[in-house]
Amino acid sequence: MKLILLGPPGAGKGTQCKRIVDKYGMGHLSSGDILRAERKANSELGQKAQSYMDSGALVPDDLIIDMMIAAIKKAPSGYVLDGFPRTVVQGEGLDAALEKAGEKIDAIVNLQVPDEPIMDRMTGRRSCPECGAVYHVVNLKPKADGQCDAGCGALTQRKDDTPEVVSYRLKTYHEQTAAVVGYYQGKGNTILDIDANQDIDKVTASVLGKLDALNG
Ligand code: ADP
Ligand code: ADP
């Protein structure tokens, strides 16, 4: 299966992708995770992306499109795209590459959440810098306070999850990313709208139920 997960920052894309991948076994291609790995490796791409990511702005489209097309080529049997495309230009770049390869996206999962709960979700997010697992200080607590359940060690807070940067990322979402849903609607893609303003497990049940129905 080839899927795209859309939604504002903090919609639960990473959380739900993990559960989709656990069930269906495809690759999880998160543009944010790939960028953070590039930064950790201090690659040229990581260095170029740094200032954009720290301020909550989008990394330029050409860098992102090349990075994600390379990742897709390494996952021929299926994937779920998390955090990409984030602009209509990125959607067009993705579609051109898929068309060239004779492939298509099966469905777009659109996680819908109003702005109000986002700030609390983002500022309470804690991540494992080793394995990438994502927790929340209230909504999804680790078993031991501040420690990754997989035994990796201490959880950290992302530098871009401060109230100032979250506000800017939400603004960026409304200005540049929200239009991606309309782009795919216009192209006639299958869009699965999900109410993601409910408990994590309820969102998962809704997502997996719709994906099961799609698979027949
Ligand atoms: P995204 O990848 O869309 O930015 P995450 O999956 O990282 O979102 O989730 C952001 C934060 O919100 C995490 O701390 C996560 O545990 C929490 N979260 C995810 N989904 C929900 C939900 N449905 N209700 C409450 N908190 C949630
Ligand atoms: P979240 O889902 O919590 O918003 P991500 O981990 O997806 O965060 O992204 C973190 C940052 O990485 C973004 O604020 C942006 O700077 C950069 N980024 C990730 N994906 C893209 C993309 N598709 N296009 C441009 N920038 C991106």
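About the cut-offs
Every residue gets a number counted from 1 within its own chain, in the order that chain's sequence is written. By the order in which they are written, chains take letters starting at A while ligands take numbers starting at 1. Local features are withheld for residues below a pLDDT of 70 in this predicted model, meaning they are given only at 70 or higher, and side-chain atom pairs are given and counted only at 80 or more; totals for whole chains, interfaces and linings count all residues. For the side-chain quantities, the full set of heavy atoms in the structure was used; hydrogens and water were omitted. Note on definitions. A residue lies near a molecule or strand when any single heavy atom of the residue is within 4 Å of it. In protein, a polar contact requires one atom able to donate a hydrogen and another able to accept it; more generally it is a pair of N or O atoms within 3.5 Å, and residues adjacent in sequence count only if both atoms are side-chain atoms. All accessibility values rest on the Shrake-Rupley procedure with a 1.4 Å probe; residue burial counts only the protein chains present in the view. In this classification, the charged set is Asp, Glu, Lys and Arg, the nonpolar set is Ala, Val, Leu, Ile, Met, Phe, Trp, Tyr, Cys and Pro, and all remaining amino acids, among them Gly, are polar. By definition, a salt bridge exists where a carboxyl oxygen of Asp or Glu is found within 4 Å of a side-chain nitrogen of Lys or Arg. A run of H or I in DSSP counts as a helix once it spans at least four residues, and a run of E counts as a strand once it spans at least two, with each numbered from the N terminus. Think of it in three bands: residues with accessible area under 20% of the maximum for their type are buried, residues over 50% are exposed, and the middle band is partly exposed, with areas taken using a 1.4 Å probe on protein chains only. Any two residues whose heavy atoms approach within 4.5 Å are treated as being in contact. Multiplying 1.5 Å by the residue count of a helix minus one yields the expected span of that helix. Criterion for a disulfide: a pair of cysteine sulfur atoms within 2.5 Å. Relevant arc is that of directions from the helix axis to the C-beta atoms, nothing else.

Of all residues adjacent to ligand 2, which total 20 residues, the nearest are S31, A57, G83, R125 and R169. R36 is positioned with one of its side-chain polar atoms (N or O) 2.9 Å from an oxygen atom of ligand 2. Here V59 contributes a backbone N or O atom positioned 3.0 Å from a nitrogen atom of ligand 2. Considering ligand 2 on its own, with 560 Å² of exposed area, one finds that the protein chains cover 97% of that surface. Across the shell around ligand 2, the residue classes tally to nine nonpolar, four polar and seven charged.

Our next topic: the pattern of salt bridges. Considering all chains together, one arrives at 15 salt bridges under this definition. Close ionic contact of D22 with K18 constitutes a salt bridge, the shortest N to O distance being 2.9 Å. Pair noted here: D22 and K18 are both in helix 1 (residues 13–24), with a separation of four residues, about one helical turn. Classification of D22 as exposed rests on a relative accessible area of 55%.

F84 connects to P85 through a cis peptide bond whose omega is 0 degrees. Checked against the element boundaries, P85 lands in the loop between strand 3 (79–82) and helix 5 (88–101). Even without being a glycine, N42 presents a positive backbone phi close to 55 degrees. For N42, the location among the structural elements is in the loop between helix 2 (31–40) and helix 3 (44–55). The exposure class assigned to N42 is exposed, which follows from its relative accessible area of 52%.

The environment of ligand 1 is made up of 20 residues, and the closest members are K13, T15, R125, Y135 and Q198. One nitrogen or oxygen atom from the side chain of T15 is found 2.5 Å from an oxygen atom belonging to ligand 1. In isolation ligand 1 exposes 560 Å². Once the protein is present, 93% of that is buried. Among the elements of the structure, helix 1, strand 6 (134–136) and helix 9 (200–215) are those that each provide at least two residues to the shell around ligand 1. Class assignment for the residues of the shell around ligand 1 results in nine nonpolar, seven polar and four charged.

Moving on, we come to the side chain of N110. Of note, N110 is situated in strand 4 (residues 107–112). In this structure, N110 is in contact with L6, V181, I191, L192, D193 and I194, ignoring residues within four places of it in sequence.

The terminal C-alpha atoms of helix 4 (residues 61–73) lie 18 Å apart, and with 13 residues this matches the ideal 18 Å at 1.5 Å per residue to within 8%. Those residues of helix 4 not exposed but buried are I64, I65, M67, M68, I69, A71 and I72. Contacts from the buried residues of helix 4 go to strand 2 (27–30), helix 2, helix 3, strand 3 and helix 5.

Counted under the stated rule, the structure contains zero disulfides. In this structure C128 is a free cysteine whose sulfur lies 3.7 Å from that of C152, the closest cysteine sulfur available. For C152, a relative accessible area of 34% gives the class partly exposed.

To continue, consider helix 2. Inspection of helix 2 places S31, G32 and L35 among the buried residues, and these make up the whole buried set. Down the axis of helix 2, the smallest arc covering the buried residues is 95 degrees, so these residues share one side. The inward-facing, buried residues of helix 2 contact strand 2, helix 3, helix 4 and strand 3.

Mapped onto the elements, R158 comes out in the loop between strand 6 and helix 7 (163–177). Here D160 takes part through its side chain, which lies 3.0 Å from a polar atom of the side chain of R158. Here R158 is in contact with R36, R125, S127 and R169, once residues within four sequence places are set aside.

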